[in-house]
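As a plain string of letters, each chain reads:
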Amino acid sequence: MIKGTLGKTANTVILLIAVLVLNFAMIHVAPGDPVEALVGEMGGATTEQIAELRAQFGLDQPLYVQIGKYLWNVAQGDLGYSYYYDQPVTSLILDRIGPTLLLVTTALFSAIVIGTVLGVFSAQRRNSLLSHLVTVLSLAGFSAPVFWIGIMLILLLSVAIPILPISGMTSSEVPEGTFWYILDVAHHLVLPALTLGLIYLAFYSRLSRASMIEVLQTDYVRTARAKGLPRRMVIYKHALRNAVLPVVTFAGLQFGQVISGAVLVETVFAWPGLGTLAFDSILRRDTTTLLGILFFSALMVVVMNILTDIVYRRIDPRIKTA
Amino acid sequence: MFQRLSRTFLGALPVALALSVGAAPVAHAEPKAGGTLTTFTSGYRTLNPAVQSGASTGSPGSQIFAGLVTVGQDYKIQPYLAKDWEVSADQLTVTFNLVSGAKFHDGAPITGEDVKFSLETVKANHPFGAAMFGNVGEIDVPSPETVVIHLNQPVPGLLLSMQPLLMPILPKHVYGDGQDIKTHPRNMENVVGSGPFKVEENNPAERLVLVKNEDFFIEGRPYLDKIVYPMVKDPLTRVLMLEKGEIDFAPFSGIRPTDVARIERAEGVNLTTDGYDAIGYVHYFEMNLRNEPFSNREVREALAHAIDTGFLSKVIFGGKAVPGTGPLHTGNPFYSADVPMYEPDMDKAAAMLDAAGYPVKDGVRFSFVLDVPSWAPQAHVPMAEYIQAQLEKLNIKVELRKAPDFGTWVQRISSWDYEATMNGSFNYPDPTIGVHRHFDCDNIKNVIWANTEGYCNPEVDKLLDAAAVEVDFDKRKALYAELQKTIQQDLVFIYMPQDFSATVYSDAVGNMPDTPFGALAPMYDTYLDK
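Residues numbered from 1 in each chain as written. Chains lettered and ligands numbered in written order. Predicted model: local features only at pLDDT ≥ 70, side-chain atom pairs only at ≥ 80, totals over all residues. Heavy atoms only, no water.

(A) Main features of the overall build of chain A. Within chain A, the regular secondary structure consists of 14 helices and 2 strands. Viewed in the frame of its principal axes, chain A has a C-alpha envelope of about 85 × 60 × 40 Å. Within the span of chain A, comprising 322 residues, buried residues form 48% of the whole. Counted over contacts in chain A with a minimum sequence separation of 6, partners at least 24 positions apart contribute 73%. (Helix = DSSP H or I, 4+ residues; strand = E, 2+ residues; numbered from the N terminus. Buried < 20%, exposed > 50% of the residue type's maximum accessible area, 1.4 Å probe, protein only. Contact = heavy atoms within 4.5 Å.)

(B) Spatial organisation of the overall build of chain B. The helix and strand tally for chain B stands at 17 helices and 20 strands. Here chain B has a C-alpha radius of gyration of 24 Å; the compact-globule value for 530 residues is 24 Å, and the two agree. Considering only C-alpha atoms, chain B reaches an extent of 75 × 55 × 45 Å along its principal axes. In chain B, buried positions account for 62% of the 530 residues. (Rg over C-alpha atoms; globule rule 2.2 N^0.38 Å.)

(C) The arrangement of the sheet that holds strand 8 (residues 197-203) of chain B in detail. Residue and element names in this part refer to chain B. The strand order 1-10-9-8 describes an open sheet built from 4 strands, whose pairing is mixed. Where the open sheet ends on each side, the last strands, each with one partner, are strand 1 (36-38) and strand 8. Strand-to-strand twist of the sheet, defined as the mean angle between neighbouring strand axes without regard to direction, takes the value 15°. When strand 9 (residues 207-212) meets strand 10 (residues 226-230), the two strands line up antiparallel, connected through 5 bridges. Bridging from a neighbouring strand, L210 pairs with I227 of strand 10. (Pairing = 2+ DSSP bridges. Axes fitted to C-alpha atoms, helices over the stretch in contact; angles between N-to-C directions.)

(D) Representation of the pairing of strand 14 (residues 366-372) of chain B within the structure. Residue and element names in this part refer to chain B. Counting buried positions along strand 14 yields 6 of 7 residues, so the element is predominantly enclosed. Alignment of strand 14 against strand 15 (residues 396-402), held across 7 bridges, turns out to be parallel. Opposite F366, over in strand 15, you have I396 as the bridge partner. For the handedness criterion, the β-α-β arrangement of strand 14, helix 12 (residues 377-393) and strand 15 is classed as right-handed. By the bridge criterion, 2 bridges tie strand 14 to strand 16 (residues 420-426) in an arrangement that is parallel. Among the inter-strand pairings, D371 is bridged to a residue of strand 16, identified as T421. (Right-handed = clockwise from strand over helix to strand, strands pointing away.)

(E) View of the pairing of strand 8 of chain B. Residues and elements named next belong to chain B. Here strand 8 pairs with strand 9 via 6 bridges, running antiparallel. The partner of K198 across the bridge, within strand 9, is V211. If you look at the hairpin formed by strand 8 and strand 9, you'll find 3 residues sitting between the two strands.

(F) Spotlight on helix 2 (residues 34-42) of chain A. With 8 of 9 residues buried, helix 2 of chain A lies mostly within the body of the structure. All buried positions along helix 2 of chain A are accounted for by P34(A), V35(A), E36(A), A37(A), L38(A), V39(A), G40(A) and M42(A). Looking at the buried side of helix 2 of chain A, the elements it contacts are helix 3 (47-57), helix 13 (274-284) and helix 14 (287-315) of chain A together with helix 13 (406-414) of chain B. Just downstream of helix 2 of chain A lies G43(A), where phi reads positive at about 95°.

(G) Spatial organisation of the interface of chain B and chain A. Between chain B and chain A, the residue contacts involve 43 residues of the former and 43 residues of the latter. Both sides of the chain B and chain A interface together cover about 3600 Å² of buried area, and 55% of this is carbon and sulfur. Among the residues of chain B in contact with chain A, R45(B), K233(B) and L240(B) are the three that bury the most area, contributing 17% of the side total. Connecting chain B to chain A are 3 salt bridges. For D280(A), the salt bridge goes to K233(B), with nearest N and O atoms at 3.4 Å. At the surface where chain B touches chain A, the tally comes to 9 residue pairs in polar contact (both at pLDDT 80 or more). (Buried area = accessible area lost by both parts, 1.4 Å probe. Salt bridge = Lys/Arg side-chain N within 4 Å of Asp/Glu carboxyl O. Polar contact = N/O pair within 3.5 Å; in protein donor to acceptor, adjacent residues only side chain to side chain.)

(H) Quick peek at the domain arrangement of chain A. Residue and element names in this part refer to chain A. Entries for chain A in the domain assignment read domain 1 (2-75) and domain 2 (89-321). Each of domain 1 and domain 2 has a C-alpha centre, and the two are 32 Å apart. With 18 residues of domain 1 in contact, the opposing surface of domain 2 contributes 12 residues. Interface area lost by domain 1 to domain 2 is led by L16, I27 and Y70, which between them contribute 36%. Put simply, domain 1 and domain 2 have 0 salt bridges between them. Seen at the junction of domain 1 and domain 2, the total is 0 residue pairs in polar contact (both at pLDDT 80 or more). Among the secondary structure elements, those contributing two or more residues to the side of domain 1 that touches domain 2 are helix 1 (2-29), helix 2 and helix 4 (63-75). In terms of residues, the side of domain 1 that touches domain 2 owes the most to one element, helix 1, which gives 9 residues. When the residues that make up the side of domain 1 that touches domain 2 are grouped by side-chain class, the tally is 12 nonpolar, 3 polar and 3 charged. (Domains from an automatic or database assignment. Nonpolar A, V, L, I, M, F, W, Y, C, P; charged D, E, K, R; others polar.)

(I) Representation of the sheet that holds strand 5 (residues 93-98) of chain B. Residues and elements named next belong to chain B. Taken in spatial order, the 4 strands make up an open sheet running 4-5-7-6, and their pairing is antiparallel. This sheet does not close on itself; its edge strands, each paired only once, are strand 4 (82-87) and strand 6 (136-143). Strand-to-strand, the axes of this sheet are offset by a mean angle of 20°, without reference to chain direction. Its contacts with the sheet put helix 4 (residues 112-125) on strand 5, strand 6 and strand 7 (146-151), and the angle it makes with strand 6 is roughly 170°.

(J) Main features of the environment of S42(B). Tracing the backbone shows S42(B) in the loop between strand 1 and helix 3 (55-64). Assessed through its relative accessible area of 32%, S42(B) is described here as partly exposed. When the C-alpha positions of S42(B) and L160(B) are compared, they lie 27 Å apart, and in sequence the two are 118 residues distant. Beyond its immediate sequence surroundings of up to four residues, S42(B) is in contact with R284(A), S56(B), M231(B), V232(B), K233(B) and R238(B).

(K) Just the packing of aromatic side chains, in detail. All names here are of chain B. The full count for this structure, using the stated rule, is 33 aromatic pairs over all chains. On the basis of an interplanar angle of 85° and a centroid distance of 6.3 Å, the ring pair of F294 and F366 is categorised as edge-to-face. Note that F294 is positioned in the loop between strand 13 (281-287) and helix 9 (297-306) and F366 in strand 14, a separation of 72 residues in sequence. For the pair F294 and F366, a shared accessibility class is recorded, and that class is buried. (Phe/Tyr/Trp six-rings, centres within 6.5 Å; stacked < 30°, edge-to-face > 60°.)

(L) Structural context of the state of the cysteines. Residue and element names in this part refer to chain B. For the structure shown, the criterion picks out 1 disulfide over all chains. At a sulfur-sulfur separation of 2.1 Å, the disulfide partner of C441 is C456. Measuring the twist about the S-S bond at about 105°, one finds the C441-C456 disulfide to be right-handed. Residue C441 is located in the loop between helix 15 (436-439) and helix 16 (458-469), and its partner C456 is located in the loop between helix 15 and helix 16; the two are separated by 15 residues in the primary sequence. (Disulfide = S-S within 2.5 Å.)

(M) Structural detail: the nonpolar core. Grouped together as the largest cluster of nonpolar side chains are 94 residues, with contacts concentrated most on Y200(A), Y204(A), L271(B) and V504(B). By residue number, the principal contributor to this core is helix 8 (residues 179-216) of chain A, which donates 11 residues. Among the nonpolar cores identified, the runner-up in size contains 80 residues, and L68(B), I110(B), V122(B) and I139(B) belong to it. (Core = buried A, V, L, I, M, F, W, Y, C linked by side-chain atoms within 4.5 Å.)

Shown next, in the form of structure tokens:
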């Protein structure tokens, strides 16, 4: 058991280093450097100013020195300094992670619960109207681009029926820390969470439907039914427990990828999270920030995988420590 | 007195034009105090205009920091922090007298030492510092309310550069602590300014909130209690917020000409293109003049005959974008329309290409890659696609290479590793800032928006040098007229329609900032009538 944990930790560390090195290399393969982008945004500069900035950011050193320094800093828990924001990357990420977690957890959890319920229902009556409706809706939700859904929802719920704010996370008039502040954030959260949730919902309803159909055809379910157990008991106690395993797997995976999922939604709704930060960093060649976010995402994936493992074992006692 | 001074120093502007003064109130009676004006921001990295040019920093920056002067209608220089000024007969000494009792937001008095510090800081750190103030020598502060600037040579655009966008008055006791001003922490945190509004909340991820400076040195101003800049990146979201009234005032709205009708239909929402003359945003087709075929002027002339900018303006931009005729924006005080123009004529273009040694061979005359930057797609993409289609008719194959991001494009152009690109730049009111940089032989540098095309004409250099120090407005205007003629004659660039820059605002906004600097000027006269 301890040996297994040690091995896993070593694997994880190697994986994270590989992610860092690969990301670093890939970003530097792209043409253009942070100083050129920065100078462009400043509206130009003299050759001397450019050279000075390069030296200040350490970009005048050979790539292997830069990468070595970067790895060493990360090992000490320092993700570097953002050229663009003039702030340590760690504090930038910590500032932005809250809104993203709020958005993604709200969207993901509502989608998992509602999606699973819908999937389970439609699996039981495969040819009913409800079942077909769920299939059609989830196909549409799955294939429509997320920004399009976002804009359509804005048009519907902010413009045609003006009940929700178009963008942002808070109103400027509401003081932070009050009860009204919580309500205000919740009010702003509805549209982006709905947009992101619809995509996830489509996915989870399809997944749980397919998984439930499969489980319902297994022998042990047939046995349970033959024993004369009530329908409800068969579905919820026997079948669902197994059918929900793939849902857990994917929830874990997807939660690890929160940032990638949130980029577009955050941009459309001006949600002040990590997604917008990542998007801006790419456009601005703010490489340290971008590297920091990518590293942070990799860390999230690793942590979520471990958590998924734990949840798995609780749901299915047959899975033992591998 | 100001009128007299501005005539001799800045140069006299046409008298008839100079008669209209200040921002004219439109359809509102009495200005009202109070209210929160909501505008927007698309993101900024600093609030200090001394180290960053452009609108994202400039529009809040000009509210937070005061300048020595403001620029009124028709470029009339008006007193601001300087109550008056005097220029010596030899044009080499300028004395500014400051208003009494002006204070920074932290209560410290604004003195001549702060002005001196600001000018030196801008000169050394602003992207245009050297262009604007390169000839500024010694600065004396004989008394706390007097600043004397000694010039090595006359600087005709000096006063125009003294407004807050380009020369913000910074507190020396904050920024003079020896830290590098470009990365000074106080550029974003606990910002202490000198202007009509103070920073209340600065959270670039979400919003910037400015509140009225109760101790502002102009009695009874500003009218507004607050200006709120929520962060809105997505242009479509912005349009919806405007239509819904969540934004009152949107300068640099990024509205496409095709959206104009829609905005004008919306209840209580107006659109104006006033307030962009000083910025003077021009677009052009830039060719790398170092290599064949663009090193050949005949080829460039053929292209000019093939590219019908009138058609682009009228058809592609719905008649909303003014065709450019040269390096100066039509709203620039030195603009001249008297330049060679190349009438649209495809047959003539084909004949010229034949004569220049580029006949059709295997169906093609020549081919090139046209870079399209990522930063003004609403303008550059249709322009590039039109050029591609027109040149196709002449058997010139154009491959469009759309840059995925800003850095990629900047790298290609500033390292001269390109054949042709769509491009655009700001004039700024004085040509020494935004125009000279493109044509000066000494400025052929690996820097974006320098002379990247590689144009060098000693005659032009002479004109630039003379115009840079000519203080007589009419003589200077004649020099720039000659420059515009020569640039069009040499076809350094092929000028495209000028930028369609528009401000969208609600009926409630009174005293819209519609001077040449528009929303980049201080908005202490603006009010809300809700």
